[in-house]
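Chain residues, written in single-letter form:
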Amino acid sequence: MDCLEIMKSRHSVRQYKDAIIEQGKREILDALASSINSENDMNIQIVYDEPKCFNSLMAHYGHFSGCNNYISVTGKKSPDLDEKAGYFGELLVLKAQELGLNTCWVAMTHGKSMAKVEKGEKEAIIISLGYGLTQGVVHKNKELSSLSDVNDNSPEWYKKGMEAVMLAPTAINQQSFKFTLNGDKVTAISKGGPCNKIDLGIVKCHFELVSGHKVD
């Protein structure tokens, strides 16, 4: 399954089966997290077999159930931490999907995580992880014209990149961003809203993986 197909198959899932994630899959996810951490001032941690974080009033309010595993997207405090958290967290989300697992980005509706947040670090966001009771549902999209300047004359790589962006998860499905192309230079800006910098990192990740072009 190529990257775009993985993106198409991935949807947010909040209810999970009582099933343990196999050791081989843990090793693959842990290795990716370790690689990301060593190169990007991150301290992403994957917490397995820990039900307390999602056994809280806030988690139940968010309709989570059965979640015993999660990814703590933690890194050194910096102005760009949230964007980095979105970008690198989404790499793990897509890898989890490739491995047959399900995920959901979770900003507030969870309890205290067991991740070790060191001095000078911040836990930017958590991602639930496990085997979903379902595969989730496709999210609604805004009009492509409101999210980018893509048109019939745009290069194919830009169109493909924007197809990937349309598949990206965003907080409350707000899709509060805009992509523009000037020559070969792609720029993406946030229009604000909750978790907007994390969302920006996620959509940049999708665009770059599929288009092969960097986003400023």
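These numbers were taken from a predicted model, which means no experiment stands behind them.

Definitions and limits used
- Residues numbered from 1 in each chain as written.
- Predicted model: local features only at pLDDT ≥ 70, side-chain atom pairs only at ≥ 80, totals over all residues.
- Heavy atoms only, no water.
- Helix = DSSP H or I, 4+ residues; strand = E, 2+ residues; numbered from the N terminus.
- Rg over C-alpha atoms; globule rule 2.2 N^0.38 Å.
- Buried < 20%, exposed > 50% of the residue type's maximum accessible area, 1.4 Å probe, protein only.
- Contact = heavy atoms within 4.5 Å.
- Areas by Shrake-Rupley, 256 points an atom, 1.4 Å probe, with all protein chains shown as cover.
- Lys, Arg positive; Asp, Glu negative; His and termini not counted.
- Charge placed at Lys NZ, Arg CZ, Asp CG, Glu CD.
- Pairing = 2+ DSSP bridges.
- Axes fitted to C-alpha atoms, helices over the stretch in contact; angles between N-to-C directions.
- Parallel < 35°, antiparallel > 145°, perpendicular 65-115°, else oblique.
- Left-handed = near helix turned anticlockwise from the far one by under 90°.
- Nonpolar A, V, L, I, M, F, W, Y, C, P; charged D, E, K, R; others polar.
- Phe/Tyr/Trp six-rings, centres within 6.5 Å; stacked < 30°, edge-to-face > 60°.
- Core = buried A, V, L, I, M, F, W, Y, C linked by side-chain atoms within 4.5 Å.

*Asks:* Got a minute to help me understand the overall build of the chain in this structure?
*Replies:* Across its full length, the chain carries seven helices and six strands. In the chain, the succession of helices and strands from N to C terminus is α-α-β-α-β-α-β-β-α-α-β-β-α. Against the compact-globule benchmark of 17 Å for 216 residues, the chain has a radius of gyration of 17 Å, which places it among compact chains. Once the C-alpha set of the chain is aligned to its principal axes, its extents read approximately 50 × 40 × 35 Å. Of all 216 residues assigned to the chain, the portion counted as buried reaches 50%. Intrachain contacts of the chain at a sequence separation of at least 6 include 74% that bridge at least 24 residues. Per element, the accessible surface of the chain, about 10,700 Å² overall, is 53% carbon and sulfur. Distance between charge centres in the chain, computed from 25 positive and 27 negative side chains, equals 5 Å.

*Asks:* Sorry, what's going on with unusual backbone geometry here?
*Replies:* With the exception of glycine, most residues fall at negative phi, and the peptide bonds are largely trans. One non-glycine residue, Ile172, adopts positive backbone phi at about 40°. Located in the positive-phi region is Cys195, a residue other than glycine, with phi close to 55°.

*Asks:* What is the right way to read the sheet that holds strand E3 (residues 102-106) from this model?
*Replies:* Each strand in a sheet pairs with its neighbour through backbone hydrogen bonds, running either in the same direction (parallel) or in the opposite one (antiparallel). Spatially, the four strands line up as an open sheet ordered E1-E2-E4-E3, and their pairing is antiparallel. Across the chains shown, the open sheet's two edge strands, defined by having one partner strand only, are strand E1 (45-47) and E3. Each strand axis lies, on average, 25° off the axis of its neighbour in the sheet, ignoring direction. Where E1 lies against strand E2 (residues 69-76), three bridges are found, and the strand directions are antiparallel. Across the sheet, the residue bridging to Val47 is Tyr70, located in E2.

*Asks:* Mind showing me how you'd approach the packing of helix H4 (residues 81-98) against helix H7 (residues 196-211) here?
*Replies:* Two elements in contact, H4 and H7, have axes separated by 6 Å at closest approach and are oriented at 50°. Comparing the axis directions of H4 and H7 gives the class oblique. With respect to the hand of their crossing, H4 and H7 are arranged in right-handed fashion. Residues Asp82, Glu83, Gly86, Tyr87, Glu90, Leu91 and Leu94 of H4 form the contact with H7, whose own contacting residues are Lys197, Ile198, Leu200, Gly201, Ile202, Lys204, Cys205, His206, Glu208 and Leu209. Residue composition of the contact of H4 with H7, grouped by class: eight nonpolar, three polar and six charged.

*Asks:* Before we go on, may I ask you to explain the pairing of strand E6 (residues 185-190) in this structure?
*Replies:* Sheet topology note: the strand E5 (residues 177-182)/E6 ladder contains six bridges and is antiparallel. Pairing of Asn182 across the sheet is with Lys185, part of E6. With antiparallel pairing between neighbouring strands as the criterion, E5 and E6 make up a hairpin whose turn holds two residues, including Gly183 at a positive phi of roughly 70°.

*Asks:* Where do I start with the packing of helix H2 (residues 23-40) against H4 in this structure?
*Replies:* Relative orientation and spacing of two packed helices are given, respectively, by the angle between their axes and the distance between those axes. Two numbers describe how H2 lies on H4: the axes approach to 10 Å, and their chain directions differ by 160°. The angle between the axes of H2 and H4 places the two elements in the roughly antiparallel class. With respect to the hand of their crossing, H2 and H4 are arranged in right-handed fashion. Contact residues: Ile28, Leu29, Leu32, Ala33, Ile36 and Asn40 in H2; Lys84, Phe88, Leu91, Leu92, Lys95 and Ala96 in H4. For the contact of H2 with H4, a count of residues per class yields nine nonpolar, one polar and two charged.

*Asks:* What am I meant to see in the packing of aromatic side chains here?
*Replies:* Each aromatic ring pair is summarised here by two numbers: the centre-to-centre distance and the angle between the ring planes. On inspection of all chains with the given rule, the structure shows eight aromatic pairs. Here the aromatic residues Trp157, Tyr158, Phe177, Phe179 and Phe207 are joined through ring pairs into a cluster of three or more.

*Asks:* Would you explain the nonpolar core in this entry?
*Replies:* The nonpolar side chains of a soluble globular protein tend to be buried, and buried together. Ranked by internal contacts, the top residues of the largest apolar core, which has 45 residues, are Leu29, Ile44, Leu129, Tyr158, Phe179 and Phe207. Of all elements in the fold, only H2, E2, H4, strand E4 (121-130), helix H6 (156-166), E5, E6 and H7 reach the threshold of two or more residues within this core. At seven residues, the largest contribution of residues to this core is made by H4.

Function cannot be inferred from these measures alone, as they are strictly geometric.
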